[in-house]
Amino acid sequence: MHMSTPFEQQYRGATRDGSQDELPVASPKTEDETRELLRFAAEDGLKVLPRGCGTSLGLEEPRRRADFVIDTTQLAGVIAFEPSDGTVTALAGTTMASLAELAAGSGRRLCPDLAHTKSTLGGAIASGRTGEDRLRYGPMRDQVLGLRAMLSADISSKSGGRLVKNVAGYDLHRAHCGGRGQYGLIVEATLRLHPALPKELHLMRRFDSLEAAIDSGNQILSTPCRPLSIRVWHNDDETSLQVHLGGREDVVSAEVLLLESKLGDLQETTSRPLPQTQIRLDGPISRTIDAAHWVEVIRKKAGASHLIADLGIASVCLATTPTSHGGSCQQASIAALPARPKGTDLFGATQPGTSPSAAIVALQSRVATGLDPLGIFSR
Amino acid sequence: MDKALIDGLIEIIGKDAVVADETRLMSYESDALAMYHEKADLVILPADTAETAACMKLIASFGVPIVPRGAGTGLTGGARPIEGGVVVATSRMRQVFEVNPTDGFARTGAGLVNVDLTHACEDHGLFYAPDPSSQRACTIGGNVANNSGGPHGFKYGSTTQHILGLVIVLPDGEVLDLSEPRVDPEGVDLVGLFVGSEGTFGIATEVTVKLVPTPEVVETLLAVYTGGEGLSKACDTVSEIIRVGLEPSAIEILDTLTIAAVEDSVFAAGYPRDASAVLLMEVEGTPTEVQGTSGDIMKLAKTFGATELRSAQTDAERAMLWAGRKGAFGAMGRIAPDLYVADAVVPRTKLREMVRTTVAIAEKYQLKLATVFHAGDGNLHPNICYDRRDKEETRRVVAAGAEILEACVAAGGSLTGEHGIGLEKLAEIGLLFSEQDLQAMGRVRRAWDPDLRMNPGKALPLRACVELGDKPKSSVEA
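All residue numbers refer to position in the chain's written sequence, counted from 1. Ligands are numbered from 1 and chains lettered from A, in the order in which they are written. Note on the predicted model: pLDDT of at least 70 is required for a residue's local features to be given, and 80 or more for side-chain atom pairs to be given and counted; whole-chain, interface and lining totals, by contrast, use all residues. Note: side-chain values were computed over all heavy atoms of the structure, leaving out hydrogens and water.

Another point: the overall build of chain B. Under the DSSP-based scheme used, a helix requires at least four consecutive residues in state H or I and a strand at least two consecutive residues in state E, with every element numbered from the N terminus. Of the regular secondary structure elements, chain B holds 16 helices and 18 strands. Think of it in three bands: with a 1.4 Å probe and only protein chains considered, a residue is buried below 20% of the maximum accessible area for its type, exposed above 50%, and partly exposed in between. The proportion of buried residues among the 478 residues of chain B is 63%. To be clear on the numbers: accessible area is Shrake-Rupley with a 1.4 Å probe, and residue cover counts the displayed protein chains and nothing else. Surface accessibility of chain B: about 16,600 Å² in total, with carbon and sulfur atoms responsible for 50%.

Moving on, we come to the packing of helix α13 (residues 351-364) of chain B against helix α14 (residues 391-410) of chain B. Residue and element names in this part refer to chain B. Under this scheme, a helix contributes an axis fitted over its contacting stretch, all axes are lines through C-alpha atoms, and angles between N-to-C directions fall in the 0 to 180 degree range. The interhelical angle for the contact between α13 and α14, taken along N-to-C directions, is 155°, at an axis separation of 10 Å. The angle between α13 and α14 places the two elements in the roughly antiparallel class. Read as a crossing pair, α13 and α14 show a hand that is right-handed. When α13 is examined against α14, the residues Met-354, Thr-357, Thr-358, Ile-361 and Lys-364 are found in contact with a partner set consisting of Ala-400, Glu-403, Ile-404, Ala-407 and Cys-408. Split into classes, the residues belonging to the contact of α13 with α14 amount to six nonpolar, two polar and two charged. Convention used here: angles under 35 degrees read as roughly parallel, angles over 145 as roughly antiparallel, angles from 65 to 115 as roughly perpendicular, and any remaining angle as oblique. Should the near helix be turned counterclockwise from the far one by less than a right angle, the crossing is left-handed, whereas a clockwise turn marks it as right-handed. Throughout, a residue-residue contact means that at least one pair of heavy atoms, one from each residue, lies within 4.5 Å. For this classification, Asp, Glu, Lys and Arg are treated as charged, while Ala, Val, Leu, Ile, Met, Phe, Trp, Tyr, Cys and Pro are nonpolar and the rest, including Gly, are polar.

Looking now at the sheet that holds strand β15 (residues 308-311) of chain B. The strands that make up a sheet are held in pairs by hydrogen bonds between backbone atoms, and each pair lies either parallel or antiparallel. Residues and elements named next belong to chain B. Pairing is antiparallel across the open sheet formed by seven strands, whose spatial order is β15-β12-β14-β13-β17-β18-β16. Since the sheet does not close on itself, it has two edges, and those belong to β15 and β16 (338-341), each with one partner. This sheet shows a mean twist of 20° between the axes of neighbouring strands, independent of strand direction. Two strands pair if DSSP finds at least two bridges between them. As paired elements, strand β13 (residues 250-255) and strand β14 (residues 277-285) share six bridges and run antiparallel to each other. Residue Glu-252 lies in a different strand from β14, and its bridge partner there is Leu-280. Packed on one face of the sheet, helix α8 (residues 230-244) meets β12 (217-225), β13, β14 and β17 (368-374) and runs near 170° to β13. Contacting β17 and β18 (382-386), α13 runs over the sheet at an angle of about 155° to β17.

What follows covers the sheet that holds strand β10 (residues 203-210) of chain B. All names here are of chain B. Strand order in the open sheet formed by five strands is β5-β6-β10-β8-β9, with antiparallel pairing between adjacent strands. In this open sheet, the two strands that pair with only one neighbour each are β5 (96-100) and β9 (175-178). Adjacent strand axes in the sheet meet at a mean angle of 15°, parallel and antiparallel pairs treated alike. Along the sheet, helix α3 (residues 49-62) contacts β8 (163-169), β9 and β10; its crossing angle with β8, the most-contacted strand, is approximately 45°.

Take the interface of chain A and chain B next. Listed as interface residues are 65 residues of chain A and, on the opposing side, 76 residues of chain B. Accessible surface is computed with a 1.4 Å probe, and the buried area is the amount of it that two parts give up when combined, taken over both parts together. Approximately 5,900 Å² of surface area, both sides summed, lies buried where chain A meets chain B, with 54% of it carried by carbon and sulfur atoms. When the buried surface of chain A facing chain B is broken down by residue, Lys165(A), Val167(A) and Tyr170(A) rank first, second and third, together holding 15% of it. By convention in these notes, a salt bridge is any Lys or Arg side-chain nitrogen within 4 Å of a carboxyl oxygen on Asp or Glu. The interface formed by chain A and chain B contains six salt bridges. Put simply, Glu418(B) and Lys165(A) hold a salt bridge, and the shortest N to O gap is 2.9 Å. Any N or O atom pair separated by 3.5 Å or less is treated as a polar contact, with the protein-specific requirement of one donor-capable and one acceptor-capable atom, and with residues adjacent in sequence counted only for side-chain atom pairs. In this assembly, chain A and chain B are joined by 20 residue pairs in polar contact (both at pLDDT 80 or more). Going through the elements one at a time, α6 (140-143), β9 (156-160), α7 (173-176), β10 (185-195), α9 (249-263), β15 (278-282) and α12 (358-371) of chain A are the ones with two or more residues in the side of chain A that touches chain B. Per-element accounting of the side of chain A that touches chain B gives the leading share, eight residues, to α12(A). In terms of residue class, the side of chain A that touches chain B is made up of 27 nonpolar, 17 polar and 21 charged.

Before going further, it helps to examine the nonpolar core. The nonpolar side chains of a soluble globular protein tend to be buried with one another. Note on terminology: a nonpolar core comprises buried Ala, Val, Leu, Ile, Met, Phe, Trp, Tyr and Cys residues joined through side-chain atoms within 4.5 Å. Core analysis: the largest hydrophobic core is formed by 127 residues, its most contacted members being Ile125(A), Val367(A) and Trp448(B). Core analysis: the second largest hydrophobic core is formed by 28 residues, Leu42(B), Leu45(B), Cys55(B) and Ile203(B) among them.

Each Phe, Tyr or Trp ring (for Trp, its six-membered ring) is paired with any other whose centre lies within 6.5 Å, and the angle between the two planes then decides the class: stacked below 30 degrees, edge-to-face above 60, tilted in between. Tallying each qualifying case throughout the model produces six aromatic pairs over all chains. Between the aromatic rings of Tyr170(A) and Phe201(B), the centroid separation amounts to 4.7 Å while the plane-to-plane angle is 55°, which identifies the pairing as tilted. You can see Tyr170(A) sitting in the loop between β9 and α7 and its partner Phe201(B) sitting in the loop between α7 (190-194) and β10, one on each of two chains. The class for Phe201(B) is buried, based on a relative accessible area of 0%.

With 75% of its residues at a pLDDT of 70 or more, chain A shows a mean pLDDT of 83. What pLDDT expresses is the predictor's confidence in each residue, scored from 0 to 100. Counting interchain partners and residues more than four positions distant, the pLDDT-below-50 stretch residues 338-353 of chain A has 52 contacts.

Residues and elements named next belong to chain B. As for its placement among the helices and strands, Ala-60 is situated in helix α3. Exposure remark for Ala-60: the relative accessible area of 24% places this residue in the partly exposed category. Residues Ala-60 and Gly-173, 113 residues apart in the sequence, show an inter-C-alpha distance of 7.6 Å. Setting aside anything within four residues of it in sequence, one finds Ala-60 in contact with Pro-171, Asp-172 and Arg-453.

What follows is about the pairing of β12(B). Residue and element names in this part refer to chain B. Judged from the nine bridges that link them, β12 and β14 form a sheet pairing that is antiparallel. Residue Leu-221 lies in a different strand from β14, and its bridge partner there is Met-281. Pairing analysis gives four bridges linking β12 to β15, with the strands arranged antiparallel. Bridge pairing in β15 links Val-224 to Glu-308.

Before going further, it helps to spend a moment on the confidence of the model for chain B. With 97% of its residues at a pLDDT of 70 or more, chain B shows a mean pLDDT of 94. Long-range and interchain partners of residues 471-478 of chain B, a stretch whose pLDDT sits below 50, account for 18 contacts in this model, where long-range means more than four residues apart.

Structural data, given as structure tokens:
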């Protein structure tokens, strides 16, 4: 079959066991070229791995059979931007950073606020990326108002729309959010925009122990403050709590006073970017368990250079050293857990005895087949 | 209905939980869209997941359609049968299994009434945010099925943003325990897909919900507009509030006919009778936040032509203002015996234009239109007051309703913001989705319900669910 989109690159994807996969990559410039690639895959029984800018695949994907990668970064562009209505619709390869900049220019805020400047809209949705601002604005899936995906060369599906409220039809976009490209190739999506924050402030306080930092962070959750994030940074040299506030200037000032009355003096600081090499684990900081104890166990057993815990959203990032591979770090983290903490997510699939029931797995498989009837996408 | 099935169900859940006599069955002929009604063959009221699963398994062996039902407050005909079948009502599942104030979630039975959930957790300084106008009657399970909204959805979002887990009974009686609250779904987001599936995937029997902290301060505001352009001015005020990025928790508009109905009813809220529209808003947060935002909103409302501005001074006054809004649909019974509640959504920049369009359509069909809506979300509720005994008027209501929906979709809107497609809007769903889109949805429906026995003829046209050559169990064609 003659392909108008050549396979020009080799994608070197790290897998969870630390090995490397090398896959040919095609970067279609148009939807027609994308369809051609999907037709090629269907005719030859090949499995497709959709990819945005590749900031998540290496660390988060388990090994799964794939024959080639469709890179969506060239399928980029804004389709509709309605700042007064609070929505933006763009093609999947559009970077989140460019959308954030567009929104900010009209007094709007795009969520999630992602650390990686190259993250694409489609990739951010497919990987269910968590932003630094999730505590206030919620997960990625709450931002997606509608989505169009290609399921094969001849089949596409749209759900939701370009409105902030809409319950017509099934929310198929919920399957694509965090679906890691297993059920289709996201072509375009509409995100909700929030009002811009007139004032933002990052405050920091150092602590002697992880327990004290987590306890203080949890105290903030019990106040009327609505921070964008409450983040604990922890390594062998330093433990600190960083609080990101935002809103009307008078509101932020009042929140600072309230926090200082609870936590003592707080230092104003700058936003601290997450390390480039990090993996995220969900769930371990539920306030009903002894979070400090076992996250420390994880950090040491996993060999992570340091740990960043987002309080209130039950999420922990383990920053890995160059020699400590993400996949093996994650496995070591999971293996370090004495028991599955209540309210956790990722661990359920890997801890013995806590796997989803056969009925759930069977239904997920049927739904996946319904979404990807030709079985084109790598699962 | 097969006597063996009835006997089997009685054996599982007891005689008192099986409704078979003609008089009692009449209560289940329709939901709150009384225009359409159809007798169920049988209604069962299982008490919990185990009873529901056993009943569903038995019903599956007879190949009978199932219609899930909460409190029957839905407005699209979604909770009524089309051609008989068994209605499975969840109204006995009112348990609150757990309130976890530390991690901010609760687990309840699907039949728990919405407002009772907030009552169950208010001592912990928490509440359940989605608040449909029918919250004193509607159930959490019904809210899940329809992805219900409510006035405070402007700030807090719809039901789907508040559901952390579910226990679901599939059509064949299999139980899926997805009740553990999860940060993010693992694999296909079954919970996310289920919310808003309108009873076509299975029956949720237990629900794990997110709870949110009760705000420190709440201020309820009323902006009054008079004169012929009052309703348009109220719409413009809302569009401007959104444009400048102010964030009240609720923004509702009531028009003059609604105000008159409310003020004549037991829900009288003290809205000025000479107003052509009122804008009811709520601001929540810290004292500083509420004071600042309320002040900005009041200034803006005045700039856009509000002739009177009020702030509720007491909890009683606040409750009264909201009782008027939430009782508005009931109060419309004073205008006419029946009510057709449209549920269209439009971009928030087009509120003025679309409200005018709906008024013009009602005038064209010589119908009484009372408008009350979630203006902040662009979610219009043009309510047509009519008498369904008058067949000719009913025909005009249906035609006007369809025309309103078509106009809203043409303006970039949607058919439904919170009530669902149900039975009522099946004919219009093609305005929003292509045949391919509907077929993708149909394949997902079949993944949950291969025999298409769950709430047949609702949410999605049957043709979208049927593969070539298949013969559906139900002969109902939408």
